[in-house]
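Each chain, letter by letter, is given below.
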Amino acid sequence: MGVETLTEQESAVAPEASPGTMSPLGAFCRRHDVLFSEAVWFSAHVLFDLLIVIAWVATGMPQAPKFLAINFGTLAGVLALRPFLRRADRGLLWILRHWYPVTFYGVFFFECGALVPALNPRVWDAELARLDLAMWGGNPVDFFARLHFPALSEFLQFCYATYYFLPLVAGGQIMARLGTKKLSDAIGITSVAFYGSYIGYFLMPAVGPRFFPPFHEGLYGLFTFDAIRSFLAESEGKMHDCMPSGHTAVTLITLYFAWRVHRPSFWLILPFAAGLVLSTMYLRYHYVIDVVVAIPFTLLSVYLGRVLIRAWDRFTGNPGASELLGPNEGRAGGQAGERAKNDPR
């Protein structure tokens, strides 16, 4: 549905490239309506498959056969379902067609658990802790420990757990108000941040201050704190996933989308998003430097994502498609609503 997802206004100003001016691969992607978000997902898929093979050959990583089976099995499943997804114009298959790349964030994240130490056994926690000391003038863990009280811990642990849900709010508004082409672009930009942070884990592996006593002690909440914290710890294990803070980057991108597209949604998620960023340090999941680095990393991810969107539109013969969140995009809710009404989907 990639080309058909342009709104009427966009179609009027989006010149189509002649098939003869496109590469065979670009023409294939246009013919099969490959979305930008799918292209980013497939690129990440190829990258992780290569990393798994390298880790298997170089280190004998025992999880490699299982990871490859999962990756190629899910790829085969997507390819088998895709003809049905393309034809869907409503219902579960229509939703899945536009959202399925998001489900692979978790798949590739958990593969990082074995891949990162296999390919780069160097651990950078000591250096990151020293940077925190130099930047903070003391240990920030001690500072946040003085702020601790059970109700705050309870709220911040809940906020931390909303990481995978807050983007759905902004994404839903983009889908409803701007259409699925813009949703694909937004998911693509978010994917650049997700997978970019994963690359950072390989370059500078670190497990975070909560794994170093006595900094893992002394936190407690009221009701759900222990259950949420234990569930996350048991499901993730000891991940080398600190630098940069993907939680911070993805949350900032979510706030940016919500602010530009639907201000009520922005104000709704702002307390939880702010709590999420604070929780990464307060709950000792991240060093402060991880969060600081995540700010320019977020700007870079948005910039790179928008560059890649324009390149993808040119590559698939749609060079005039209006840009996601361009100068007149999303600011006026009424105009966005009119575009959604005129969208044939």
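Residues numbered from 1 in each chain as written. Predicted model: local features only at pLDDT ≥ 70, side-chain atom pairs only at ≥ 80, totals over all residues. Heavy atoms only, no water.

**Overview of the overall build of the chain**
Part 1 of the argument: Along the chain, the regular secondary structure elements total 16 helices and zero strands.
Part 2 of the argument: Relative to its full complement of 345 residues, the chain shows a buried share of 50%.
Part 3 of the argument: Summarising the internal contacts of the chain: among those between residues at least 6 apart in sequence, 86% fall at separations of at least 24.
Part 4 of the argument: Accessible surface, the chain: about 15800 Å² in total, of which carbon and sulfur atoms supply 71%. (Helix = DSSP H or I, 4+ residues; strand = E, 2+ residues; numbered from the N terminus. Buried < 20%, exposed > 50% of the residue type's maximum accessible area, 1.4 Å probe, protein only. Contact = heavy atoms within 4.5 Å. Areas by Shrake-Rupley, 256 points an atom, 1.4 Å probe, with all protein chains shown as cover.)

**Quick look at the pattern of salt bridges**
Part 1 of the argument: Inspection of the entire model under this criterion finds eight salt bridges.
Part 2 of the argument: Note that Glu 38 and Arg 97 form a salt bridge whose closest N and O atoms lie 3.2 Å from each other. Within this pair, whereas Glu 38 is found in helix α3 (residues 36-59), its partner Arg 97 is found in helix α5 (residues 91-99), the two being separated by 59 residues in sequence. Pair check on accessibility: Glu 38 and Arg 97 agree, each one buried.
Part 3 of the argument: Taking the shortest distance from any N to any O, the salt bridge between Asp 185 and Lys 181 comes out at 2.8 Å. Residue Asp 185 and its partner Lys 181 are both found in helix α11 (residues 180-203); the two are separated by four residues, about one turn of the helix. Lys 181 matches Asp 185 in its accessibility class, with the two residues each being buried.
Part 4 of the argument: A network of salt bridges, in which partner residues are shared, links Glu 38, Arg 82 and Arg 97. (Salt bridge = Lys/Arg side-chain N within 4 Å of Asp/Glu carboxyl O.)

**Side note on the packing of aromatic side chains**
Part 1 of the argument: Within the structure shown, the criterion is met by 29 aromatic pairs.
Part 2 of the argument: Note on Trp 41 and Phe 104: the rings are 5.1 Å apart at their centroids and 50 degrees apart in plane angle, and the pair reads as tilted. Highlighted residues: Trp 41 in helix α3 and Phe 104 in helix α6 (residues 104-119), separated in sequence by 63 residues. Residue Trp 41 shares its accessibility class with Phe 104, and that shared class is buried.
Part 3 of the argument: Seen from their ring centres, Phe 109 and Tyr 198 are 6.0 Å apart, and the 45 degrees between their planes marks the pair as tilted. A residue pair is termed long-range when its members are at least 10 positions apart, and Phe 109 in helix α6 and Tyr 198 in helix α11 qualify at 89 residues.
Part 4 of the argument: Taking NZ or CZ as reference, Arg 122 lies 4.2 Å from the ring centre of Trp 124, over its face.
Part 5 of the argument: The ring centre of Trp 259 lies 3.6 Å from the NZ or CZ of Arg 263, which sits over that ring. (Phe/Tyr/Trp six-rings, centres within 6.5 Å; stacked < 30°, edge-to-face > 60°. Lys NZ or Arg CZ within 6 Å of the ring centre and 35° of its normal.)

**Focus: a nonpolar patch on the surface**
Part 1 of the argument: A cluster of nonpolar side chains, Phe 42, Val 46, Leu 50 and Ile 54, forms an exposed patch at the surface whose accessible area comes to about 360 Å².
Part 2 of the argument: Within the secondary structure, Leu 50 is located in helix α3. (Patch = residues over 30% accessible without salt bridge, like charges linked within 9 Å, V, L, I, M, F, W, Y side chains within 5 Å.)

**Let's talk about the packing of helix α10 (residues 166-178) against helix α14 (residues 263-282)**
Part 1 of the argument: At their nearest, the axes of α10 and α14 sit 10 Å apart, and the two run at 155 degrees to each other. Taken together, the axis directions place α10 and α14 in an arrangement best described as roughly antiparallel. Of the two possible hands of crossing, α10 and α14 adopt the one that is left-handed. Of the residues in α14, those in contact with Leu 166, Val 169 and Gln 173 of α10 are Ser 265, Ile 269, Phe 272, Ala 273 and Leu 276.
Part 2 of the argument: Here the contact of α10 with α14 is composed, by residue class, of six nonpolar, two polar and no charged. (Axes fitted to C-alpha atoms, helices over the stretch in contact; angles between N-to-C directions. Parallel < 35°, antiparallel > 145°, perpendicular 65-115°, else oblique. Left-handed = near helix turned anticlockwise from the far one by under 90°. Nonpolar A, V, L, I, M, F, W, Y, C, P; charged D, E, K, R; others polar.)

Coordinates in, geometry out; function isn't part of it.
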